[in-house]
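# A structural walkthrough
So the chains spell out like this:
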Amino acid sequence: MNLTQVEHDILEKLHKELNSGNKIPLKELSKLCNVADSTITKLSKKLGYSGYVEMLYNQHNTYLREHNEFKLDLIDGDLQQTLEQLCLILKDNCNKKNIVIKMDDVSLIENYLVRKLGFFDIPVILTYDYLTVDTISKKPGVAFIIKDRFTHGHYDPNMIKHVIKKGYYIVVMTYDDSVYFHDYVDMFIKINNESFQNINFFNSKILALLEMMLSEYEKVTRDDE
Amino acid sequence: MMNDLKLGSREEIVYNYLIDLINNKEKQTVNQISQTLSVAPSTVIKVTKKLGYSGWNDMFYQSVNNHASVVPLDFNNFKFLDFSESSEKISLICEMIKKYRGAPIVIFSIGDTELVATWLAKKLLNKGYLAFANTYYLSLKNCNFQPGISIFICESGMSYIDIKNEYVEHDYLSVSITSNQKTPLAMQSHISVEIKNNKNKTIKQYEPDYFASRVLIFFELVLKYL
């Protein structure tokens with residue numbers, strides 16, 4: 001089908017919007033393309049649709065079909081190397097006092113970590129108060145700090161400072177390229193923030209990474225025996 | 001499905017006709033529909049708006065095209081969901097939740113997904129849905145809510161049967177998210193979603209279990225399309 005340059009531009013812009021998960025209304029698209037509404041309606045009809053809405057939904061479905069094999073990476077960097085390093089840290093600290101700092105009100109990830117490391121006899125305490133960190137009968141072990149971005153959310157930055165001061169081995173998992181306490185971080189894991197339709201997959205990626213870490217840990221400790 | 005919708009008798013006729021058109025994938029114009037049913041075109045549009053759509057075209061294409069026929073997410077070559085099936089389920093659950101806006105959505109979860117119920121309830125609440133995590137029917141019964149949806153997330157599919165039965169007895173719909181559709185919970189639910197897990201999960205020779213991670217992806221997609 002012969003499309004004019006303007007029509008090509010309209011489709012390109014429409015695809016770009018769909019790519020961001022935005023089913024853009026006709027008026028917004030015409031404004032974005034600097035064309036009249038009727039130009040887009042005409043294009044819809046030229047492509048065999050009854051109108052703009054039909055074209056929008058069909059183009060949306062085509063887009064989704066074409067991206068059927070979308071792939072999400074877990075981390076930026078070498079995954080295997082990261083897993084091996086995490087296992088070494090766990091091995092070194094399995095008899096020390098490990099903590100995971102509560103970073104939001106639901107603590108979904110933090111609880112998962114506590115539960116699953118418990119399966120492997122690695123005690124981790126979920127904490128949001130200073131007292132837990134202070135009352136140390138064992139040596140400080142690992143402090144897990146897991147948060148997509150440190151620029152928002154309900155967490156206590158002073159708690160992080162306090163944990164650093166107490167000598168914990170700081171492991172951070174985040175989307176943020178750098179965090180304000182970067183100089184004190186012992187292991188920094190940058191979670192890949194590639195997404196699909198602006199969905200935040202941080203939690204899913206972390207849980208997958210933790211599962212891989214557990215599997216690797218079990219393998220390493222088995223080999224040692 | 002229409003417990004929370006206040007439709008007049010004429011609107012209900014329109015609603016049923018629109019659902020038939022969607023089920024038969026038959027696209028008619030608003031004018032054609034209004035002529036067939038002898039109602040004003042504005043009545044047709046009003047019904048679609050009451051259902052949360054911007055108009056008839058929006059309702060038709062969203063419903064017919066199973067708009068959530070999204071992607072098979074793939075983490076380092078691990079297929080997370082069989083999307084040919086789950087996309088339909090995502091679409092179905094989205095539509096159901098939208099239709100039940102105003103009625104309670106009660107979510108239970110256990111095991112690796114223990115806090116998913118709390119997480120999901122919070123997300124749904126933020127979107128304006130009346131969601132509760134791990135709340136027994138007894139706690140809601142004095143609130144005079146219309147019956148809504150009960151969602152049970154349980155990898156083994158062996159828990160929550162009694163709680164589900166109690167909700168179903170009080171006209172709630174039941175949705176189960178389990179790792180196997182042949183489990184008791186899945187088989188007794190109105191809608192069951194199977195999300196793959198690692199069947200050989202033992203502490204010795206532990207292989208990663210992505211069930212919880214996949215459940216989160218599933219609900220992130222549901223939330224996206226709400």
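Every value quoted in this text rests on a predicted model; they were computed, and no experiment measured them.

### A look at the overall build of chain B
Scanning chain B for helices and strands turns up 10 helices and seven strands. A buried classification covers 55% of the 226 residues belonging to chain B.

### Examining the confidence of the model for chain B
Residues and elements named next belong to chain B. Looking at chain B, the pLDDT average stands at 82 and 84% of residues meet or exceed 70. Looking at the elements of chain B, mean pLDDT is at its lowest for strand S2 (residues 78-79), recorded as 40, and at its highest for strand S3 (residues 105-109), recorded as 97. Low confidence marks residues 66-84, where pLDDT is under 50. Its contacts with residues over four positions away, or in another chain, come to 80 contacts. Interface scoring of the predicted complex returns ipTM 0.70; its pTM is 0.69.

### Comments concerning the packing of aromatic side chains
The geometry of an aromatic ring pair comes down to the distance between the two centres and the angle between the two planes. Inspection of the entire model under this criterion finds 16 aromatic pairs over all chains. Summarising the aromatic geometry, the rings of A:Tyr180 and A:Phe181 are spaced 4.9 Å apart at their centres and angled 80° between planes, so their arrangement reads as edge-to-face. Ring plane angle 90° and centroid distance 5.7 Å describe the contact between B:Tyr137 and B:Tyr167, whose orientation is recorded as edge-to-face. One end of the pair, B:Tyr137, is in helix H7 (residues 137-140); the other, B:Tyr167, is in helix H8 (residues 161-169), with 30 residues separating them in the sequence. Pairwise contacts between aromatic rings join B:Phe108, B:Tyr136, B:Tyr137, B:Phe152, B:Tyr160, B:Tyr167 and B:Tyr172 into one cluster. Across the ring face of B:Phe60, the terminal group of B:Lys27 is positioned such that the distance to the ring centre comes to 5.8 Å.

### A few points about the sheet that holds strand S5 (residues 149-153) of chain B
All names here are of chain B. Strand order in the open sheet made by the five strands is S4-S3-S5-S6-S7, with parallel pairing throughout. Strand pairing shows two members of the sheet lacking a second neighbour, strand S4 (131-133) and strand S7 (191-194), which therefore form its edges. Adjacent strand axes in the sheet meet at a mean angle of 15° when their direction is disregarded. With three bridges joining them, S3 and S4 adopt parallel strand pairing. Paired with Ile-105 across the two strands is Ala-131, which belongs to S4. Along the sheet, helix H6 (residues 116-126) contacts S3, S4 and S5; its crossing angle with S3, the most-contacted strand, is approximately 155°. Those strands touched by H8 are S3, S5 and strand S6 (173-178), and its axis lies near 170° from that of S5.

So, how was this worked out
Residues numbered from 1 in each chain as written. Chains lettered and ligands numbered in written order. Predicted model: local features only at pLDDT ≥ 70, side-chain atom pairs only at ≥ 80, totals over all residues. Heavy atoms only, no water. Helix = DSSP H or I, 4+ residues; strand = E, 2+ residues; numbered from the N terminus. Buried < 20%, exposed > 50% of the residue type's maximum accessible area, 1.4 Å probe, protein only. pLDDT = per-residue confidence, 0-100. Contact = heavy atoms within 4.5 Å. Phe/Tyr/Trp six-rings, centres within 6.5 Å; stacked < 30°, edge-to-face > 60°. Lys NZ or Arg CZ within 6 Å of the ring centre and 35° of its normal. Pairing = 2+ DSSP bridges. Axes fitted to C-alpha atoms, helices over the stretch in contact; angles between N-to-C directions.

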